[in-house]
Amino acid sequence: MELQLRGITKRFPGVLANDSVDLTARSGEILGLLGENGAGKTTLMNILYGLYTADEGQIIIDGQERHFEGPGDAIEAGIGMVHQHFMLVPVFTVTENVVLGVEPTNFAGIMDMKEAAREVHEISSKYGLEVDPEAITEDIPVGIQQRVEIIKVLFREAEFLVFDEPTAVLTPQEVEEFFGIIRGLRDAGKAIIFITHKLKEVLKISDRIAVLRDGKVVGHTTPAETTQEALAEMMVGRPVDLLVAKDVASPKEVVLRVDDVFVTDTRDQITVKGLSLEVKAGEIVGIAGIQGNGQTELVEMLTGMRPAASGAVYLNGEDVTDEGPRGIHSRGVAHIPEDRQRRGLVMNFTITENIVLNTYYDPPYSKGIVMDWDAAAAAAAKLVELFDVRTPSISIPANSLSGGNQQKVIVAREFSRDVKLIIAAQPTRGLDVGSIEYIHGRIVRARDAGVAILIVSTELDEVMALSDRLLVMFDGKIVADLDPTQVSATDVGLYMAGATP
Amino acid sequence: MSDQQRPDTSPPDGKGTSQFFQDLTGLGIDWRSAVLVPVLAIITALLVGVVVIVFTDLEALRLWGSDPGAALSKTWSSVSGGYKALFVGSFGSLRAISETMVGAAPLILAGLSVAIGFRAGLFNIGTEGQMLIGGMSAILVGVAFQLPLFLHLPLALIGAAIGGAVWGAVPGILRAKTGAHEVITTIMLNLIALNLVVYLLKSSLFQAEGRTDPISETVAVSARFPRLFGYLHDSQVRVTAGIIFAVLVAWFIYWLLFKTTLGFEFRAVGMNPDGAHYAGMNVVFLYGAVMAVAGALGGLAGADQILSILYRGSPGFSAGIGFDAIALALLGRSHPAGVVAAGVLFGALRSGGQVMQVETDLSIDLILVIQALIVVFIAAPALIKAIYRVRTGRAADLPTTGWGT
């Protein structure tokens, strides 16, 4: 079977999201669709799935032009979509989620869950998607939840499977398993469209690659013919430095010392279990680990947002264990939070307001209780320039910026203060190559200026490349202290999974 | 460990202010739709009001079968007569404008009370109760002292603000410390205030001498808002300095919200409590503080009701203004300038509605229908946008973002 998109054009007010895009997906083939955030990948797939109507162009399946009024028509035509954010009902079983909306019924019109479970089991064994049909969805790991989404699509007899950034939520091991699954699907004769902005993955899994930039297809290639560097250049439109360029660190005095801390999460479970570490001035310490091993709580505790149950934290020798967020950052700590939209920014505030979000109470931004918005605007204008935030104005709200530029606003705010320690959680999650290169460069420059830096990231490549010293966190403790230049990613992966190489 | 560090200071849902709340209260929208949607909502409500008039005019409806021409002219005359009376009764004369302003002053103060809560992400339903407590405090000061006007009136207002602030702070603190939702606690405190007033009015502290019914002594002239057109000696031109006071307070609230550090904190908590906590703001303090300010404004609304119009307390003297204030704050998009404009509009509807009731055979209840319709159209902006095909500045909702985002 063959799916063709011909001359798809979609305009939004002020934006040309897709500009006469041509794409072809065939049975038994994986098409990698590569592009930065905002390149128009998602718009294109929403058109394919019937959520948007194209202003111009055709969707052709096996030589026949199709018109989709909604996702129902697209599903009918054999198109299945696995979204980045899963569309599952957490309290339903796997089977219930799979059949939701197309429940099999018996002769009396009563739902036949036995039949449903049988079909789910059949699909999962046919395509190697191991899953317990009776399990409650919220109890199973994210990787398995993704399988449920895939089974859902297969249950609706999809021939064309679209995956939107499917690996964003997976651990390195889960990514491997996931690749195995989609190779299996391809070999079973399905057509796969794999949307991503990760160069490595698209090279590893695709049979053909199409690169999208500013709404246009800027190139077709295959993994055999191209390299990461060439793909990055196509995607961004200029040569990109994929390696983090940095000299050997010259660590000085200890800035942050964490001594045997225990921290509980929002459900009062102990997630950080007797953790100790040190970060020195002029070094980047990376913490690798699979999501949910206590990293979130550790960072929240270090930045004063969550109390420590026991243990102590010292900043330049001073005990700051009981300080709140203001006490921490007024002592020269910058914090790039894990969830930038929930914590790092007030999304409806303007860029100016976000720039002064945690310094507004001091001169020059205020005198007494009166804000000096002119001073704030002047600072914002300077930082937007300095940190290369792409925005038409400093008085537009943060939510109208792209993810990369939102992160740059946070980086600008945090790095522009006189800081001694930077704590960055997932500093480049979801960002495009250009922004990642920029933020990594900023972090290295801060290190060279003598700032102590602690990076927490689930992206193993990122921490390996950026760190001078690599710690692995597993089950609330540091299980390994490694030199990233002397250790293989595989070994780090094993530490992350709680094993010893 | 101090309270401000605890992460459970964010609202129970832990996801910040919901999109619906922001749409409803006008927090996260561009100024264009913040002006356009209310104006279109008012126009639409007035148009639907026409339909209500047409379908409740039984005489005209009967005529449609036999003599459509007469029916049409009769319908036209009742619609045009009604809306003309509404306009003349609100802006057609000095007396009409005066009555509009008499109605507007407490509405503006009460509307500010609700609006500042919205700005901080809180749903203050308690303005009615805060008005009652503030009004009682004003009576206490107004009756107890004999002072010159320039001391007595400010003292009565300060008393009212403090009374209202205490009453308002309670649900704020409960919300911050325990997570008890302010919608529930403020409604309950309204009921408590309502009955407390009846009890107090029969106590020796308040009850007028020689009366057995719940009614207070009259406040001293020196504690009352002076009439603006007192020199005309026209008892029908009742407007007092209360309206000027209300507009000044609105300006002060604008300054507080947009020009001070405290206002920045209020708005940050309102938009994103997690972000405010990250930025080192004391969320517990801010919830208490904003509700205290909201309560103080409610108290001032109650004081205006007493010191401008009634001069004495009787059960339920707040007259539902605290509830109209919710509609008013929504219509004003939680902005002080919008609240002033909406307050004048609601004052005009009240004043014009009375004239309309007298001069035509339309009931004043039509005004309530129109007010309610305005709120419906404000609460469902998508409806207004669909009717008038308005595009707004916010980025389109992307259908691919799933649950929980």
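Values in this document were obtained by computation on a predicted structure and should not be read as measured data.

A. Inspection of the overall build of chain A at higher detail. Looking only at helices and strands, chain A has 17 helices and 22 strands in total. In terms of its C-alpha atoms, chain A occupies a principal-axis envelope of roughly 70 × 50 × 45 Å. Relative to its 501 residues, chain A shows a buried fraction of 56%. Intrachain contacts of chain A at a sequence separation of at least 6 include 67% that bridge at least 24 residues. In the form shown here, chain A has an accessible surface area of approximately 20,600 Å², with 50% of it arising from carbon and sulfur atoms. Averaging the positions of the 47 positive and the 74 negative side-chain charges in chain A gives two centres separated by 3 Å.

B. How the structure looks around the overall build of chain B. Across its full length, chain B holds 16 helices and zero strands. Compactness check: chain B gives a C-alpha radius of gyration of 23 Å against a globular reference of 22 Å for 405 residues, within 12% of the reference. For chain B, the spread of C-alpha atoms along the three principal axes comes to 80 × 70 × 35 Å. The buried share of chain B, reckoned over its 405 residues, is 54%. Pairs at least 24 residues apart make up 74% of the contacts formed inside chain B by residues separated by at least 6 positions. Working note: accessible area of chain B is about 17,100 Å², and carbon and sulfur atoms make up 68% of it.

C. Molecular detail of the environment of Ile478 of chain A. All names here are of chain A. Relative to the elements of secondary structure, Ile478 occurs in strand 22 (residues 477–482). Note on Ile478: relative accessible area 25%, which makes it partly exposed. Spatially, the C-alpha atom of Ile478 lies 9.5 Å from that of Ala288, the residues being 190 residues apart in sequence.

D. Region of the structure containing the sheet that holds strand 11 (residues 254–264) of chain A. Residue and element names in this part refer to chain A. The sheet built from four strands is open, its strands ordered 12-11-14-15 with antiparallel pairing. Edge positions in the sheet fall to strand 12 (270–280) and strand 15 (318–319), since each of these pairs with one other strand and no more. As judged from the eight bridges shared by strand 11 and strand 12, these two strands associate in the antiparallel manner. Residue pairing in the sheet places Val258 in a bridge with Leu277 of strand 12. The sheet contacts of helix 9 (residues 295–302) involve strand 11, strand 12 and strand 14 (310–315), and relative to strand 11 the element is tilted by about 120°.

E. The arrangement of the nonpolar core in detail. Judged by nonpolar contacts, the single largest core of 168 residues is most densely connected at Ile422 and Val492 of chain A together with Ile116, Met281 and Leu307 of chain B. The element that contributes the greatest number of residues to this core is helix 12 (residues 283–310) of chain B, accounting for 15 residues. Residue-level mapping places this core at the junction of two domains, with at least three residues from each of domain 2 (241–332 + 419–501) and domain 3 (341–417) of chain A. Contacts of Ile116 of chain B, omitting those with residues within four sequence positions, involve Ile253, Leu256, Leu257, Phe266, Val290, Val293, Ala294 and Leu297 of chain B. Counting residues in each nonpolar core, the second largest holds 34 residues, with Leu129, Phe155, Leu170 and Ile182 of chain A among its members.

F. Broad picture of the domain arrangement of chain A. Residues and elements named next belong to chain A. Segmentation of chain A into domains returns domain 1 (2–236), domain 2 (241–332 + 419–501) and domain 3 (341–417). Between the C-alpha centres of domain 2 and domain 3 the distance comes to 25 Å. If you look at the interface, domain 2 gives 17 residues, while domain 3 gives 15 residues. Note on domain 2 versus domain 3: buried area summed over both sides is about 1,400 Å², and carbon and sulfur give 61% of it. Taken together, domain 2 and domain 3 are joined by one salt bridge. Linking Arg343 and Glu300 is a salt bridge whose minimum nitrogen-to-oxygen distance equals 2.7 Å. Here domain 2 and domain 3 share seven residue pairs in polar contact (both at pLDDT 80 or more) between them. Mapped onto the side of domain 2 that touches domain 3, the elements with two or more residues apiece are helix 10 (325–329) and helix 15 (433–448). No other element matches helix 15, which puts six residues into the side of domain 2 that touches domain 3. Grouping the amino acids of the side of domain 2 that touches domain 3 by side-chain chemistry returns nine nonpolar, five polar and three charged.

G. Main features of the confidence of the model for chain B. Residue and element names in this part refer to chain B. Averaged over all residues, the pLDDT of chain B equals 88, while 92% of them reach at least 70. Averaged pLDDT values over the elements of chain B bottom out at 77 in helix 1 (residues 19–25) and peak at 97 in helix 9 (residues 242–259). Here residues 1–15 is a poorly scored stretch, pLDDT under 50, and it has 37 contacts once near neighbours within four places are set aside; other chains count. Here residues 393–405 scores under 50 on pLDDT; set against residues more than four positions off or in separate chains, the count is 22 contacts. Interface confidence for the predicted complex, given as ipTM, is 0.84, next to a pTM of 0.82.

H. Representation of the pairing of strand 1 (residues 2–12) of chain A in the model. Residues and elements named next belong to chain A. Relative to strand 2 (residues 15–26), strand 1 runs antiparallel, the two sharing eight bridges. Directly across from Arg11, in strand 2, lies its bridge partner Leu16. Adjacent in sequence and paired antiparallel, strand 1 and strand 2 are bridged by two residues, among which Gly14 carries a positive phi angle near 85°. Here five bridges tie strand 1 to strand 4 (residues 56–61), and the two strands are oriented antiparallel to one another. In the sheet register, Leu3 faces strand 4, and the bridge partner there is Ile61.

I. Quick peek at the pattern of salt bridges. Residue and element names in this part refer to chain A. This structure, assessed with the given rule, holds 40 salt bridges over all chains. Two residues, Glu29 and Arg208, come together in a salt bridge whose shortest N-O distance is 2.9 Å. Taken together, the positions of Glu29 in strand 3 (residues 29–35) and Arg208 in strand 9 (residues 208–213) put the pair 179 residues apart, joining distant regions of the chain. Classification of Glu29 by relative accessible area gives buried; the value is 16%. Residue Asp388 pairs with Lys408 through a salt bridge whose shortest N-O separation is 3.7 Å. Of this pair, Asp388 sits in the loop between helix 13 (373–386) and helix 14 (403–415) while Lys408 sits in helix 14; the two residues are 20 residues apart in sequence, bridging distant segments of the chain. Among the residues examined, Asp388 registers a relative accessible area of 28% and is labelled partly exposed. Assessed through its relative accessible area of 5%, Lys408 is described here as buried. Three or more residues joined by partner-sharing salt bridges are found here, namely Glu2, Arg26, Glu29 and Arg208.

J. Molecular detail of the interface of chain A and chain B. Listed per partner, the contact involves 46 residues of chain A and 34 residues of chain B. Together, the buried faces of chain A and chain B total about 3,500 Å²; carbon and sulfur atoms form 62% of this surface. Counting every contact that joins chain A to chain B gives two salt bridges. Residue Glu353 of chain A is joined to Arg267 of chain B by a salt bridge in which the shortest nitrogen-to-oxygen separation is 2.8 Å.

K. Inspection of the packing of helix 7 (residues 149–178) of chain B against helix 12 of chain B at higher detail. In the contact formed by helix 7 of chain B and helix 12 of chain B, the axes pass within 5 Å of each other and the chain directions differ by 145°. Here the hand of the crossing between helix 7 of chain B and helix 12 of chain B comes out right-handed.

L. Region of interest: helix 6 (residues 127–144) of chain B. Its 18 residues give helix 6 of chain B an end-to-end C-alpha distance of 25 Å, which sits within 8% of 26 Å, the value for a rise of 1.5 Å per residue. Taken across its 18 residues, helix 6 of chain B has 15 buried, putting it largely inside the fold.

M. Structural view of the sheet that holds strand 4 of chain A. Residue and element names in this part refer to chain A. If you walk across this open sheet you meet the four strands as 2-1-4-5, and the pairing is antiparallel. A single partner strand is all that each edge strand has here, and the edge strands are strand 2 and strand 5 (64–66). Recorded for the sheet is a direction-independent mean angle of 30° between the axes of neighbouring strands. As paired elements, strand 4 and strand 5 share three bridges and run antiparallel to each other. Residue pairing in the sheet places Ile60 in a bridge with Glu65 of strand 5.

N. Structural detail: helix 8 (residues 182–201) of chain B. Here helix 8 of chain B is 20 residues long and its end C-alpha atoms lie 27 Å apart, about the 28 Å a rise of 1.5 Å per residue gives. Elements that come into contact with the buried residues of helix 8 of chain B comprise helix 6, helix 7, helix 12 and helix 13 (321–331) of chain B.

O. Inspection of the side chain of Asn405 of chain A at higher detail. Within the secondary structure, Asn405 of chain A sits in helix 14. Looking at Asn405 of chain A, the relative accessible area reads 10%, which means it is buried.

The rules we used
Along every chain, residues carry numbers that run from 1 in the direction the sequence is written. To label them, take the chains in the order written and letter them from A, then take the ligands in the order written and number them from 1. Local features in this predicted model are restricted to residues of pLDDT 70 or higher, and side-chain atom pairs are both shown and tallied only at a pLDDT of 80 or more, whereas totals for entire chains, interfaces and linings draw on every residue. Calculation of side-chain values draws on the structure's entire complement of heavy atoms; hydrogens and water are dropped beforehand. Labels follow the DSSP assignment, with helices taken as runs of H or I lasting at least four residues and strands as runs of E lasting at least two, numbered in each case from the N terminus. The cut-offs for exposure are 20% and 50% of the maximum accessible area for each residue type, with area from a 1.4 Å probe on protein chains only; residues under the lower value are buried, those over the upper are exposed, and the others partly exposed. Contacts: residue pairs with any heavy atoms within 4.5 Å of one another. All accessible-area figures derive from a Shrake-Rupley calculation using a 1.4 Å probe, and residue coverage is judged against the displayed protein chains alone. Positive charges come from Lys and Arg alone, negative charges from Asp and Glu alone, with His and the N- and C-terminal ends not counted. Note on charges: their place is set at NZ of Lys, CZ of Arg, CG of Asp or CD of Glu. The size measure is the radius of gyration over C-alpha atoms, and the globule rule it meets is 2.2 Å times the number of residues to the 0.38 power. Whether two strands pair comes down to DSSP finding at least two bridges between them. Each axis is a line fitted through C-alpha atoms, and for a helix only the stretch in contact is used; angles between axes span 0 to 180 degrees, taken between their N-to-C directions. The criterion is simple. A nonpolar core is a set of buried Ala, Val, Leu, Ile, Met, Phe, Trp, Tyr and Cys residues joined through side-chain atoms within 4.5 Å. As annotated, the domain borders come from an automatic or database domain assignment. The quantity reported as buried area is the accessible area (1.4 Å probe) lost by two parts once they are put together, taken as the sum for both. The working definition used for a salt bridge is a side-chain nitrogen of Lys or Arg within 4 Å of a carboxyl oxygen of Asp or Glu. For the purposes of these results, a polar contact is taken to be a pair of N or O atoms within 3.5 Å, where, inside protein, one atom must be able to donate a hydrogen and its partner to accept one; residues adjacent in sequence count only when each atom of the pair is a side-chain atom. Polar here means any residue outside two lists: the nonpolar Ala, Val, Leu, Ile, Met, Phe, Trp, Tyr, Cys and Pro, and the charged Asp, Glu, Lys and Arg; Gly therefore counts as polar. Values of pLDDT, which run from 0 to 100, indicate the predictor's confidence residue by residue. Two helices crossing with the near one rotated counterclockwise from the far one by less than a right angle form a left-handed crossing, whereas a clockwise rotation gives a right-handed crossing. For a helix, the expected span equals 1.5 Å multiplied by the residue count minus one.

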